[in-house]
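Next come the chains, spelled out residue by residue.
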Amino acid sequence: MKASVSGIITLVQQTWYTTWSGPEGSSHTYLCLRVPLFISMKEKTAEDFMRLALREAEKARAIDEVPVGAVIVRDGKVISRAHNLREKNQKADSHAEMLAIRKASSKLGTWCLDDCDLYVTLEPCMMCTGVIGLSRIHALYYGTSDPKGGTVDSLVQIKTIRHIGTYPKEIHSGILQPECSAILSDFFREKRKKKKRDRNEFRKAQ
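Residues numbered from 1 in each chain as written. Predicted model: local features only at pLDDT ≥ 70, side-chain atom pairs only at ≥ 80, totals over all residues. Heavy atoms only, no water.

## With respect to the pattern of salt bridges
Applying the stated criterion across every chain, the model contains nine salt bridges. Arg51 serves as the salt-bridge partner of Asp48, at 3.3 Å between the closest nitrogen and oxygen. Linking Asp48 with Arg51, this pair stays in helix α1 (residues 46–62), spanning three residues, or about one helical turn. One salt bridge in this structure joins Asp115 and Arg74, with 2.8 Å as the shortest N-O distance. Of this pair, Asp115 sits in the loop between α3 (96–108) and β5 (116–122) while Arg74 sits in strand β3 (residues 69–74), placing them 41 residues apart in sequence. Take Arg74: its relative accessible area is 30%, and that puts it in the partly exposed class. (Salt bridge = Lys/Arg side-chain N within 4 Å of Asp/Glu carboxyl O. Helix = DSSP H or I, 4+ residues; strand = E, 2+ residues; numbered from the N terminus. Buried < 20%, exposed > 50% of the residue type's maximum accessible area, 1.4 Å probe, protein only.)

The structure is reproduced here in structure tokens:
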């Protein structure tokens, strides 16, 4: 499945009837005009879909979750979207990819998502990489790498492992990498600052 979808052209026909008034009050409808109007829709790119995943990451940051977002696309349309909810759900598996895959499977009524693509802002971990493969996601697009936990390209090169690396069929990395990296860096920088402030306030209180 390609990253972008074909532009859609819609044909709209419009008809006008013109009435001509003749002598002695007679009238005749004599013209029927059909005009084709072509409306072209802009092609969506991998960057467009990753921006939607970034919006999900922003939602996670707004509720103090690690800002990772994901969307699943089928036939050029987003069928599910999700962001990290581990703290809110108090479940270790509430990662953006996992939640998006569950929503997509529920919507389509199947576990097999071999005609779907997944866009996620951060390189998937071991758990999510496994589920992406088991759900047969066709193409994986991720924003920034995770040198400490990524198992698509960083710690493990999943496509080099026979059988296990069958799916996803395609892997594309570095989609909007600066933006995807920045939202995570900013989040953890603020966390460190807050931890330092809290520690200093605790010392002052002693």
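## Regarding the pairing of β5
In terms of burial, β5 is largely enclosed, as seven of its seven residues are buried. In this structure, β3 lies alongside β5, joined through five bridges in antiparallel fashion. Across the sheet, the residue bridging to Arg74 is Cys116, located in β5. Taken together, the five bridges between β5 and strand β6 (residues 139–144) define a ladder with parallel strand orientation. (Pairing = 2+ DSSP bridges.)

## What to know about the side chain of Thr129
Within the secondary structure layout, Thr129 lies in helix α4 (residues 126–134). A residue is classified by how much of its surface remains accessible, and Thr129, at 9% relative accessible area, is buried. Among the polar contacts listed, one links the side chain of Thr129 to the backbone oxygen of Cys125, at a separation of 2.7 Å. Setting aside its immediate chain neighbours within four residues, Thr129 contacts Pro124, Thr151, Val152 and Ile158. (Polar contact = N/O pair within 3.5 Å; in protein donor to acceptor, adjacent residues only side chain to side chain. Contact = heavy atoms within 4.5 Å.)

## Quick look at the layout of surface pockets
The space that makes up the largest pocket amounts to roughly 650 Å³. The wall of the largest pocket is formed by 26 residues, among which Val66, Leu122, Asp146, Leu184 and Phe188 lie closest to the centre. Elements represented by at least two residues in the lining of the largest pocket include exactly α2 (86–89) and α5 (177–205). When residues in the lining of the largest pocket are grouped by element, the largest group, seven residues, is from α5. Of the residues belonging to the lining of the largest pocket, the class tally is nine nonpolar, seven polar and 10 charged. Considering only enclosed or pocket space, the second largest pocket measures out at about 240 Å³ in volume. Looking at side-chain class alone, the lining of the second largest pocket contains seven nonpolar, six polar and no charged residues. (1 Å grid on protein atoms, 1.4 Å probe; cavity = no way out; pocket = protein on both sides within 12 Å on 5 of 7 lines; lining within 4 Å. Points joined across faces, edges and corners; volume = space filled by probe spheres on them. Nonpolar A, V, L, I, M, F, W, Y, C, P; charged D, E, K, R; others polar.)

## Here's the deal with the packing of aromatic side chains
Per the stated rule, a full pass over the model turns up three aromatic pairs. Note on Phe187 and Phe188: the rings are 5.2 Å apart at their centroids and 80° apart in plane angle, and the pair reads as edge-to-face. Over the aromatic face of Tyr167 sits the side chain of Lys169, whose NZ or CZ is 4.8 Å from the ring centroid. (Phe/Tyr/Trp six-rings, centres within 6.5 Å; stacked < 30°, edge-to-face > 60°. Lys NZ or Arg CZ within 6 Å of the ring centre and 35° of its normal.)

## Some thoughts on the nonpolar core
Ranked by size, the top nonpolar core spans 39 residues in total, and within it Met50, Ile72, Leu118 and Tyr119 carry the most contacts. Taken together, the elements giving at least two residues each to this core come down to α1, β3, β4 (77–83), α3, β5, β6 and α5. Looking at this core element by element, the count peaks at seven residues for α1. Among all residues touching Ile72, those that are not within four sequence positions of it are Lys77, Val78, Ile79, Ser80, Ala100, Ile101, Ala104, Cys116, Asp117, Leu118 and Ile137. (Core = buried A, V, L, I, M, F, W, Y, C linked by side-chain atoms within 4.5 Å.)

## So, the sheet that holds strand β7 (residues 170–173)
With respect to topology, five strands assemble into an open sheet ordered β4-β3-β5-β6-β7, the strand pairing being mixed. Taken across any chain shown, the strands that pair with only one partner, and hence form the sheet edges, are β4 and β7. Averaged over all pairs of adjacent strands, the angle between strand axes in this sheet comes to 15°, irrespective of strand direction. Against the sheet, α3 touches β3, β4 and β5, its axis set at about 140° to β4. (Axes fitted to C-alpha atoms, helices over the stretch in contact; angles between N-to-C directions.)

## Quick word on the confidence of the model for the protein
In the predicted model, the protein carries a mean pLDDT of 85, and the fraction of residues at 70 or more is 75%. Within the model, pLDDT remains below 50 along residues 1–18, and this stretch shows 61 contacts once partners closer than five positions in the same chain are excluded. Note on residues 35–40: pLDDT under 50 across the span, and 18 contacts to partners over four residues away in sequence or across chains. (pLDDT = per-residue confidence, 0-100.)

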